[in-house]
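# A structural walkthrough
The residues making up each chain are set out below.
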Amino acid sequence: MEGDSTTINITETPKERKGKAPLLAAPPASSSIKPVVQKAPKGGYKRGLAIFDVVLRLAGIAAALGAAIAMGSTDQTLPFFTQFFQFKAEFDDLPAFTFFVIANSITAAYLALSIPISIVCIVRPHLAAPRVILLFLDTVMVALTTAAAGGAASIVYLAHNGNSDANWPAICQQFNDFCQEVSGAVVASFLTVVVLMVLVVLSAFSL
């Protein structure tokens, strides 16, 4: 019994014998790998346009309010007078100037009230309803302010140049300060029109 030996046979698998047993899982085929492309967040440019919209509205408020105040505070009294007449010019002597003050005051108030809606467009740039509202109301204000500025500009032109066919003399030679103030108010009102037109374009482009 001392000379007997015990033999243990270990059976190898075919893959072990060939040395092909994989230690790690094989990587997937290159054709099955799909690159992951991170998309840029949408609405970035719309938020930028909305911020620019707020800045323009603040500028429009300053221009419209300045035009209304300049026109509404315009008057001049000539230093000479007669027993029955005193030569004085005020904005409310002409209905066109009165309409000018009212229209620019409405425009300034509208621009101030529309700023919260524009801020909503900054916070939620994908919402279309606020931009549609602003687009419609801005267009209405363009028409109102243009009518007021155009009517006042025609009166200012007549004040500077007169009309020989209608026998209307130019009064700016006598009321020089009055004409300068109303001319500045008309220029400020046309600047408001330009701002409103840019706002309409921005609102339309952001839809």
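See the structure printed just above.
Residues numbered from 1 in each chain as written. Predicted model: local features only at pLDDT ≥ 70, side-chain atom pairs only at ≥ 80, totals over all residues. Heavy atoms only, no water.

## Brief notes about the side chain of Ser203
Examined against the element boundaries, Ser203 turns out to sit in helix α5 (residues 176-205). Take Ser203: its relative accessible area is 4%, and that puts it in the buried class. (Helix = DSSP H or I, 4+ residues; strand = E, 2+ residues; numbered from the N terminus. Buried < 20%, exposed > 50% of the residue type's maximum accessible area, 1.4 Å probe, protein only.)

## Points about the environment of Pro125
Inspection of the secondary structure assignment puts Pro125 in the loop between α3 (95-123) and α4 (129-161). A C-alpha to C-alpha distance of 8.9 Å links Pro125 and Tyr45, two positions 80 residues apart in sequence.

## Re the packing of aromatic side chains
The description of two aromatic rings rests on the distance between their centres and on the angle between their planes. The tally for this structure, following the rule as stated, stands at 1 aromatic pair. Aromatic pair Phe97 and Phe178: ring centres 6.3 Å apart, planes at 50°, arrangement tilted. In this pair, Phe97 is assigned in helix α3 and Phe178 in helix α5, connecting sequence segments 81 residues apart. Judged by relative accessible area, Phe178 falls into the buried class, the value being 5%. (Phe/Tyr/Trp six-rings, centres within 6.5 Å; stacked < 30°, edge-to-face > 60°.)

## What about α4?
An ideal rise of 1.5 Å per residue puts 48 Å on 33 residues; α4 measures up with 48 Å between its terminal C-alpha atoms. Along α4, the positions that sit buried rather than exposed are Pro130, Arg131, Leu134, Asp138, Met141, Val142, Thr145, Ala148, Ala149, Ala152, Val156 and Ala159. Next to the buried residues of α4 lie α2 (44-72), α3 and α5. At the exit of α4 stands Gly162, carrying a positive phi of roughly 70°. (Expected span 1.5 Å × (residues − 1). Contact = heavy atoms within 4.5 Å.)

## Things to note about the pattern of salt bridges
Under the definition given, this model contains 2 salt bridges. Between Asp53 and Arg57 there is a salt bridge; the shortest N-O distance is 2.6 Å. With a gap of 4 residues between them, Asp53 and Arg57 both fall in helix α2, about one helical turn apart. The residues Asp53 and Arg57 share a single accessibility class, namely buried. A salt bridge links Asp138 to Arg57, with the nearest nitrogen and oxygen atoms 2.8 Å apart. Of this pair, Asp138 sits in helix α4 while Arg57 is found in helix α2, placing the two residues 81 residues apart along the sequence. Here the two residues Asp138 and Arg57 agree in accessibility, since each one is buried. Salt bridges sharing common partners tie together Asp53, Arg57 and Asp138. (Salt bridge = Lys/Arg side-chain N within 4 Å of Asp/Glu carboxyl O.)

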